[in-house]
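Here are the chains, one letter per residue:
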Amino acid sequence: MADLKTHVNFACQRCLQPLRLDPSFYQLGEHTLAELSLPIQSQTSGEIETQSVSLELSVPPFSLTDSANGTNGFMLVGDSGERESLSHHLRVRATLFDVLSGSSSADHPLCSECTDSLLILIDQQLKLTESEWSDYNKYLKKLEDEQQQQGNENAEMEALEKELQDVKAEEERMILELKALRKEEEATKSAITEQEKEKERLQSEEERYWREYSRHRRDLIFAEDECRSLECQLAYAASQLERLKKTNVFNATFHIWHSGHFGTINSFRLGRLPSAPVDWSEINAAWGQTTLLLTALARKMNLTFERYKLVPFGNHSYIEALDQHRELPLYGSGGFKFLWDTKFDAAMVAFLDCLQQFTEKVERGDSGFRLPYRMDKGKIDDTATGSSYSIKIQFNSEEQWTKALKFLLTNLKWGLAWVSSQFTKDEAEL
């Protein structure tokens, strides 16, 4: 029966379940006991202590070293040697558990389940403690920050007070400066008023000046326009003068040319043909121009005709016969049928005589001058062909009479050219 005994030394201080201890608990040194004597848990949380106390209430705490008296529910069995050994081991273990119980808020020994529950409670207490520590730490930092902020605020307040003093001093200085500026402003306004008056006077003077300037400018423009106009007129007059100086008045006034079988003077044909019956008004006008030209040439040469006097009178020009005291008309009103009109023939013969006198005058002054056609007693000879043409209408044909008049105008043109050359030479010498 002795082999069937089970030795129970300790029970869990929570649930009173019997415990089997590890053999390592049989041998404990002083150093191990000293380390185990250190506190492993601080009582900082009222909630964890309350929970621990509630667990401890299940079994009243007691000291294991007092178990030898038999009142702690343990019983010693075996002989005396075994009793002594068992008692020694129990004391060692009881001392160990007392040390553990003294260094913590829970009584030992404990079973694994109660240990786990206790560890869970301790872990919760640890987390709660850490949370409280974190809150305390934050609050501490907040207090430190507030203190620092209060110190900064004090420093800032001092700086602001100093700045306020500086601002007040600056304000006083600015007020004094403002007073000075106001005085300067009043002086400036007074100066501006005077300058405005001066400005108005100058503007009035400027307006008067511009009016005078505009008037003088307008007069200048008119004067310049008039000057330019006079300059243009002067230039035109000078150009006209130069042109007139280079222009021969006889050549410009009397233009002798030809138109087919007719000789012309100033575009008036002199003569008639059966194929071209020229009107007598045109013939009379041509004789008037011819008479005027010969009269002008004679005056230029200071020539006075013998026996005759040319009277230019347009298309009714005539010649005065000085020895007979009668007028010989250089115009006609009929045709070759009126053969008894001898005055017209006599007038043309007299004109040819005057032209011959002019030629002789020119030849006496210039021995080298010769007319292309020789004239003698009312006839004109063509030396190139040896033909002679009468200037009379009686007993003559229209063709012969027209050719004689053409040769007469040719000789007259030569005389005009000679006088014009002399006239130009005289002007050049002047």
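A short tour of the structure in this document, coming up. (Residues numbered from 1 in each chain as written. Predicted model: local features only at pLDDT ≥ 70, side-chain atom pairs only at ≥ 80, totals over all residues. Heavy atoms only, no water.)

Looking at the element boundaries, N396 is found in the loop between β11 (387–390) and α8 (398–429). Overall, N396 belongs to the buried group, its relative accessible area being 19%. One polar contact links the side chain of N396 to the main-chain carbonyl oxygen of S390, over a distance of 3.0 Å. Only 2.9 Å separates the side chain of N396 from the backbone oxygen of K392, close enough to count as a polar contact. (Helix = DSSP H or I, 4+ residues; strand = E, 2+ residues; numbered from the N terminus. Buried < 20%, exposed > 50% of the residue type's maximum accessible area, 1.4 Å probe, protein only. Polar contact = N/O pair within 3.5 Å; in protein donor to acceptor, adjacent residues only side chain to side chain.)

As a further point, take the nonpolar core. The biggest cluster of nonpolar side chains holds 54 residues, and the ones touching the most others in it are W287, L293, L294 and F358. Elements represented by at least two residues in this core include exactly β4 (262–265), α6 (280–300), β6 (308–311), β7 (318–321), α7 (342–365) and α8. With residues near it in sequence (within four places) discarded, L293 still touches F250, F254, I256, I265, L412 and L416. Counting 7 residues, the second largest nonpolar core, distinct from the first, contains L110, C111, C114 and L118. (Core = buried A, V, L, I, M, F, W, Y, C linked by side-chain atoms within 4.5 Å. Contact = heavy atoms within 4.5 Å.)

Attention now moves to the pairing of β6. Note: β6 against β7, 4 bridges, orientation antiparallel. Considered in β7, the bridge of K309 is made with E320. Once β6 ends, the chain turns through 6 residues before running back antiparallel as β7, passing G314 with a positive phi of about 65°. (Pairing = 2+ DSSP bridges.)

What follows is about α6. Compared with an ideal rise of 1.5 Å per residue, which puts 21 residues at 30 Å, α6 spans 30 Å between its outermost C-alpha atoms and is within 8% of the ideal. Counting buried positions over the 21 residues of α6 gives 16, a clear majority of the element. At the C-terminal side of α6, N302 shows a positive phi close to 55°. (Expected span 1.5 Å × (residues − 1).)

Further remarks concern unusual backbone geometry. Even without a glycine there, the phi angle at S267 is positive, about 70°. Here S267 shows up in the loop between β4 and β5 (268–270). One non-glycine residue, H325, lies in positive phi territory at about 55°. Along the chain, H325 falls in the loop between β7 and β8 (326–329).

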